[in-house]
Amino acid sequence: MLKRCAIAFTLVAALLSAHPGFAQSTSEARERIEALHGNSEGFDDSFKLLTEAMRFGDPVTVANLGAYPLTVNANGESYDIQSEDDMVENYEKLVTQETQNSVAEQTYGDLIVNSDGVGFANGALWMSAICDTDDCSVSHWAITSINN
């Protein structure tokens, strides 16, 4: 019995330590973003814009942060949103109130940070650094998917 408990404990500990965003501080999250993607200062600005836009229900700002075509999973369907205008016009159908609330309340320490990008609200929304130059020395952060 003791051996099974030790194995179970080891498995749980391994899973928890493997979670890229588990129990990290703001500075640890920022350092991880910088190490994996660069432009952590740009992410800080986008984080503030996005969480405030979700808090105040501002579809224009959310749309401005999108990388198009933008994949949105909502209402059991997957949509490829082609433009900011499409996003704004269909915002209420594409972004649930639950997703808005969860992203609005997002803390830095609970972000998911991995090689794919940065996940908000347990993966309900993802942002990635988008290269603006061929060598990616200049980039900006954009929403790359929404998963209601």
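In the block above lies the structure referred to throughout.
Residues numbered from 1 in each chain as written. Predicted model: local features only at pLDDT ≥ 70, side-chain atom pairs only at ≥ 80, totals over all residues. Heavy atoms only, no water.

Inspection of the entire model under this criterion finds six aromatic pairs. Where Phe43 meets Tyr108, the ring centres are 5.8 Å apart and the plane angle is 80°; that geometry is what we call edge-to-face. Of this pair, Phe43 sits in helix α3 (residues 40-55) while Tyr108 sits in the loop between α7 (97-104) and β3 (112-114), and the two are 65 residues apart along the sequence. One exposure class covers both Phe43 and Tyr108, and it is buried. Grouping aromatic residues by their ring pairs yields a cluster made of Phe43, Phe47, Tyr108, Phe120 and Trp141. The ring of Tyr108 has Arg30 lying over it, and the distance from NZ or CZ to the ring centre is 4.8 Å. (Phe/Tyr/Trp six-rings, centres within 6.5 Å; stacked < 30°, edge-to-face > 60°. Helix = DSSP H or I, 4+ residues; strand = E, 2+ residues; numbered from the N terminus. Buried < 20%, exposed > 50% of the residue type's maximum accessible area, 1.4 Å probe, protein only. Lys NZ or Arg CZ within 6 Å of the ring centre and 35° of its normal.)

So, about the state of the cysteines. Scanning the entire structure with this criterion turns up one disulfide. Residue Cys131 pairs covalently with Cys136 via a disulfide, S to S 1.7 Å. Taking the sign of the S-S torsion, about -75° here, the bridge from Cys131 to Cys136 comes out left-handed. (Disulfide = S-S within 2.5 Å.)

Before going further, it helps to examine the packing of helix α2 (residues 26-37) against α3. Orientation of α2 relative to α3, taken along the N-to-C sense of each, is 120°, at an axis distance of 9 Å. In terms of axis orientation, α2 runs oblique to α3. Along the contact surface, α2 presents Arg30, Ile33 and Glu34, while α3 presents Ser40, Phe43 and Asp44. Broken down by class, the residue content of the contact of α2 with α3 amounts to two nonpolar, one polar and three charged. (Axes fitted to C-alpha atoms, helices over the stretch in contact; angles between N-to-C directions. Parallel < 35°, antiparallel > 145°, perpendicular 65-115°, else oblique. Contact = heavy atoms within 4.5 Å. Nonpolar A, V, L, I, M, F, W, Y, C, P; charged D, E, K, R; others polar.)

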